[in-house]
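The primary structure of each chain is shown beneath.
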Amino acid sequence: MQNEYGSGAFGDFAPIGADGRPILDYPFSWSWGPRMEGQAYTNWLGQPDTYSAHGNPYEQFYQNGYSASNSVAFEGQSEKGSFRMSITDENRRGIIEDNTLSKQTINIRGKSNLTEKFSIDGKMTYLTSKVKNRPGLAEDGANTALQLSLMPRDIRLSDVENNTVDANGQEIKWNLDNTFNNPYWSQNNVKNIDEKDRFQGIVSANWDVAHNFTITAKSGMDYIVYDYTNYAARGSQYQSNGLGNYGHDSGKSRVWNSDVLATYNTNISDVRMTLSLGSSYRDEYSSYVNISGNDAKVDNLYRISNYKNSYSSEGISEKGVYSFYGLGQFSYRGFLYFDATLRNDNSSALPKENNSYWYHSENMSLLFSKLFGIESNTFNKGKLRGSFAVVGNDTSPYRTQAVYNVDQTVTLPYTVGSIPSSLPSFDLRPETSESWEVGTELGFFDNRLQLDFTYYETKTKDQIMAVPISGGSGYSSKVVNAGVISSKGYEFQLNSVPIVTDNFEWNLGFNFTKSNSIVESLNEGLESITLNSLNAVSVEARPGEEFGSIYGYDFLRDNFGRKLITDDGVAQKGERIKLGSITPDWYGGITTRLKYKNFSVSALISIQEGGEFYSYGRAYRMFFGTDARSLEGRETGVIVDGINENTGFVNETPTMAMLNQYSNIFTNEIATDQILDASNVKFKELILTYYFPTSLVKNSFIQSGSISAIGRNLFFFHNAAGDIDPEAGYSSDPTGAALEHSSLPSTRSYGLNLKINF
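This one's a predicted model, so the numbers in the text were calculated from it and none came from an experiment.

How each quantity is defined
Just so you know, the residues in each chain are numbered from 1, in the order the chain's sequence is written. Local features in this predicted model are restricted to residues of pLDDT 70 or higher, and side-chain atom pairs are both shown and tallied only at a pLDDT of 80 or more, whereas totals for entire chains, interfaces and linings draw on every residue. Only hydrogens and water are set aside; all other atoms, that is, all heavy atoms of the structure, feed into the side-chain values. Secondary structure counts use DSSP, requiring at least four H or I residues in a row for a helix and at least two E residues in a row for a strand, with both numbered from the N terminus. In this scheme, a residue with accessible area under 20% of its type's maximum is buried, one over 50% is exposed, and one in between is partly exposed, where area comes from a 1.4 Å probe on protein chains only. Where accessible areas are quoted, they stem from the Shrake-Rupley method and a 1.4 Å probe; at the residue level, only the protein chains shown are allowed to cover. Residues grouped as a nonpolar core are buried Ala, Val, Leu, Ile, Met, Phe, Trp, Tyr and Cys residues, joined through side-chain atoms within 4.5 Å. Each domain's extent is set by a domain assignment, obtained either automatically or from a database. Strand pairing is assigned whenever DSSP identifies at least 2 bridges connecting the two strands. Comment: axis = line fitted to C-alpha atoms, over the contacting stretch for helices; angle = value between 0 and 180 degrees taken between N-to-C directions. Take the far helix as your reference; a near helix turned counterclockwise from it by less than a right angle gives a left-handed crossing, and one turned clockwise gives a right-handed crossing. Should any heavy atoms of two residues lie within 4.5 Å, those residues are counted as being in contact. When the centres of two rings from Phe, Tyr and Trp lie within 6.5 Å, Trp using its six-membered ring, the rings pair. Their planes under 30 degrees apart give stacked, over 60 give edge-to-face, and anything left gives tilted. Here a polar contact is recorded for every N or O atom pair within 3.5 Å, except that within protein the pair must consist of a potential hydrogen donor and a potential acceptor, and residues adjacent in sequence are included only if both atoms are side-chain atoms. Patch criteria: residues need more than 30% relative accessible area and no salt bridge. Like-charged residues are merged within 9 Å; nonpolar side chains of Val, Leu, Ile, Met, Phe, Trp and Tyr are merged within 5 Å. By definition, a salt bridge exists where a carboxyl oxygen of Asp or Glu is found within 4 Å of a side-chain nitrogen of Lys or Arg.

### Regarding the overall build of the protein
- In terms of regular secondary structure, the protein is built from eight helices and 37 strands.
- Projected onto its principal axes, the C-alpha coordinates of the protein cover approximately 95 × 75 × 65 Å.
- Expressed as a percentage of its 758 residues, the buried residues of the protein come to 40%.
- A total accessible area of about 40,200 Å² is found for the protein, and carbon and sulfur atoms account for 53% of it.

See the structure below:
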């Protein structure tokens, strides 16, 4: 953030309105006013004030968060069975006031040997959580990070906090833009509550039918119930034009898996075999009821009956998949291993003629150090491995049938129906992914040096996606088998123990991954598929290019790549081109652990080289004038690097810094300067642990214990993007890391962990 220029435009203050307050409409609500030198002026409240900066608003607005987690576990076992139970209570407070999490988890596991040949095993997990006031993100008017980053640098945050509502109950803010909120008004009046209960349970029975022959049956369920409420008070134009709003979404989902597996083990000479046949059925069901309303009748009463306009929707979803499969495992003399599987799935989500699909896998490994008898203290282990697999996949239900929606109407005397936004596909095929890999594992010096290397290739065909189509069809997208994507890469891991003595041990590890995905082809008629977008920038899949290419408008350039500048000294909008890719050149990490007597210290460093992302948050800050990079040319003007489009000579005509940023980012939507390098080296974790000595606990009820000091996300050794965390993605979508928009500040955490075994 810059601290040299405050509110205003063209180097001047905003005009004063009839009410004595500055008219902070665009562009005068930006930070392109005069240099702040402590001069007298009229502030945004219409009060005489001193024109100066007031510190970092992030540090003033956000608070320190905390988390506390307590767990207790009980376990016991005997010849007849075993039992374990654990209970965890977790509470967190975020960096925004009233953002809290409360979560409780109960795990129970039990096994009983009812007879010598029959046993049962069961596991249950129950989780209940309540999250209050998840923060607004991206372009949400309640995104406090967006509001604070654009607030003129002369505005005192305490004035914003103390002036949120006027005498008529309307929101007070420093600008006239109704797409923004006062951050304190948002904090006090925009709320949400997210409650979730989840039950996971599985029961299995194992029957030793005869010598080397067993039958295992399992049945398990994952059941989720959720309830989400959000509401906003009256008084803000961003919230339903000042009327306030309310939403209540509730629903449940259930996934039930049941399978039976028969297994036969035998030895033929030096060959050991395990053969299995099985069948399974997966039943999926979900339902929801969503209600919403606006125009509150009574203030501060958040029930749907309190809203003049209300809307509702309800739906269910069902899917079933039944499968048959076989498995075989073979080993020869403890050095040659071969596994194979064959599976057939039948899915109700696919058309009848395509709903049955097969896939298989084969894996082989050779422990060549044992085969050739070359194991020694110097060379402990040598292993080669290879595999090939074909995996099929279906889709979500109701994407292959044309249906109508019955719309909710209030004023019309007849029923209104509508079609969904996505056109179904009546001949949809299952996705198919073929992959193979080879690798090796090597161990040296009593396994104090271990190497693991893998090379792999994958090709995915008939990916099921909803792709955009012309609005003239009545639909916005169509479900298709989109194309073919291939991936290849390699992974390398090294683990070592450079030093080990009676009292000291040092472990050091390194991992390296390089992967690349190429779009080989798309469905006929498709030139590209938009995977995600923000402003005029999109993440796309295009034939012959990397998956996740970032496209946007560049500057207008000549054949030599030079910008073509107008006679007024302004750059121009050029073609839409590839500006970057979400795929890094490589990524890896370094781990280390040093242990001396009862003390240990461990650390983790993550590394990413290459890859790009688009920062719309920085673009906003640049043309609003709050970013430190916007200081260039404030007094003298900016001479844009390039050539005059008419003369061909180097441009020497200055243009106003404010107009340069506004023209490039807002008017022309040029994204080139906001495509940032995602390369970084981050200190991810540091843990210092003290293990209680045996002499300290031997005469007590404590068997063992330790206490640890933990730090996570500590700092960047290197961050090519500067003040933006490359992991601060725009959404949880797989391509979300390519788009950033005014993210909440990244946080580092410090904590203590006490562990005691009784």
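### A few points about the nonpolar core
- Grouped together as the largest cluster of nonpolar side chains are 41 residues, with contacts concentrated most on Ile529, Tyr614, Tyr620 and Leu739.
- Breaking this core down by element, the ones donating at least two residues are helix H2 (144–150), strand E20 (464–468), strand E23 (504–522), strand E24 (529–534), strand E25 (537–541), strand E26 (549–555), helix H6 (616–624) and helix H7 (657–667).
- When residues of this core are assigned to their parent elements, the largest contribution, six residues, is made by H6.
- When residues of this core are sorted by domain, at least three fall in each of domain 3 (333–409 + 416–526) and domain 4 (587–757).
- Counting residues in each nonpolar core, the second largest holds 17 residues, with Ala14, Leu24, Ala145 and Trp174 among its members.

### Observations concerning H7
- Looking at H7, one finds that the buried residues are Ala657, Met658, Asn660, Gln661, Ser663, Asn664 and Ile665.
- Downstream of H7 by a residue or two, Glu669 has a phi angle that is positive, lying close to 55°.

### Regarding the domain arrangement of the protein
- When cut into domains, the protein gives domain 1 (72–132), domain 2 (186–262 + 276–320), domain 3 (333–409 + 416–526) and domain 4 (587–757).
- Inter-centroid distance (C-alpha atoms) of domain 1 to domain 4 is 35 Å.

### Examining the sheet that holds strand E17 (residues 422–423)
- Strand order in this open sheet of three strands is E17-E21-E20, and the pairing throughout is mixed. A strand with exactly one partner marks an edge of an open sheet, and here the two such strands are E17 and E20.
- Sheet topology places E17 next to strand E21 (residues 477–481); two bridges connect them, and they run parallel. Looking at the pairing, Leu423 lines up with Lys478 of E21.

### Quick look at the packing of H6 against H7
- H7 packs onto H6 with a crossing angle of 145° between their chain directions and a minimal axis gap of 8 Å. Seen from above, H6 lies across H7 with left-handed handedness. Residue-level contacts link Ala619, Met622 and Phe623 of H6 to Gln661, Tyr662, Ile665 and Phe666 of H7.

### A closer look at the side chain of Asp194
- One can find Asp194 in strand E7 (residues 190–210).
- Look at Asp194 and you get buried, because its relative accessible area is 16%.
- In contact with Asp194, not counting residues within four places along its chain, are Ser129, Lys130, Val131, Arg134, Asp227 and Tyr228.

### Topic: the packing of aromatic side chains
- Going through the model one piece at a time under the given rule, you end up with 39 aromatic pairs.
- Taking 5.4 Å as the distance between ring centres and 45° as the angle between the ring planes, the aromatic pair formed by Tyr26 and Trp30 counts as tilted.
- Residue Trp30 is classed as buried on the basis of its relative accessible area, which comes to 3%.
- Consider the rings of Tyr26 and Phe624, whose centres lie 5.6 Å apart with planes at 85°: the pair is edge-to-face. A residue pair is termed long-range when its members are at least 10 positions apart, and Tyr26 in the segment before strand E1 (39–42) and Phe624 in helix H6 qualify at 598 residues.
- A relative accessible area of 34% means that Tyr26 is categorised as partly exposed.
- Under the relative-accessibility criterion, Phe624 is labelled buried at 2%.
- An aromatic cluster is present here, built from Tyr26, Trp30, Phe180, Tyr614, Tyr616, Tyr620, Phe623, Phe624, Tyr662 and Phe666 joined pairwise through their rings.

### Looking at H6
- Summarising burial for H6: nine of the nine residues are buried, a large majority.
- Those residues of H6 lying buried are Tyr616, Gly617, Arg618, Ala619, Tyr620, Arg621, Met622, Phe623 and Phe624.
- As for H6, its buried residues are in contact with H2, E24, strand E31 (612–615), H7, strand E33 (675–677) and strand E36 (739–740).
- Where H6 begins, one side-chain oxygen reaches toward the backbone nitrogen of Arg618, 3.0 Å away; that side chain belongs to Ser615.

### Some words on the environment of Ser29
- Relative to the helices and strands, Ser29 resides in the segment before E1.
- The spatial distance from the C-alpha of Ser29 to the C-alpha of Ser602 is 49 Å, given a sequence separation of 573 residues.
- In this structure, Ser29 is in contact with Leu24, Pro152 and Asn175, ignoring residues within four places of it in sequence.

### A closer look at the pairing of strand E5 (residues 100–113)
- Bridge analysis of strand E4 (residues 81–93) against E5 gives 13 bridges, and the strand direction is antiparallel. By the bridge assignment for E5, Arg92 is matched with Leu101.
- Between the antiparallel neighbours E4 and E5 lie six residues, among them Asp98 with a positive phi of about 70°.
- Bridging between E5 and strand E6 (residues 118–132) involves 14 bridges; their strand directions are antiparallel. Looking at E6, one finds that Lys103 is bridged to Ser129.

### Let's talk about the sheet that holds E25
- Taken in spatial order, the four strands line up as E24-E25-E26-E28 in an open sheet, and their pairing is antiparallel. Looking at the sheet topology across the chains shown, the edges are occupied by E24 and strand E28 (573–581). Strand-to-strand twist of the sheet, defined as the mean angle between neighbouring strand axes without regard to direction, takes the value 30°.

### A look at a nonpolar patch on the surface
- Side chains of Leu114, Phe118, Ile120 and Trp207 sit close together on the surface and give an oily, nonpolar patch of about 360 Å² of accessible area.
- The topology assignment puts Leu114 in the loop between E5 and E6.
- The class of Leu114 is partly exposed, set by a relative accessible area of 48%.

### Considering unusual backbone geometry
- Tyr26 connects to Pro27 through a cis peptide bond whose omega is 0°.
- As for its placement among the helices and strands, Pro27 is situated in the segment before E1.
- One non-glycine residue, Phe10, lies in the positive phi region at around 55°.
- Look at Phe10 and you get partly exposed, because its relative accessible area is 45%.
- Residues other than glycine seldom take positive phi values, yet Asn133 does so here, at roughly 60°.
- Structurally, the position occupied by Asn133 is in the loop between E6 and H2.

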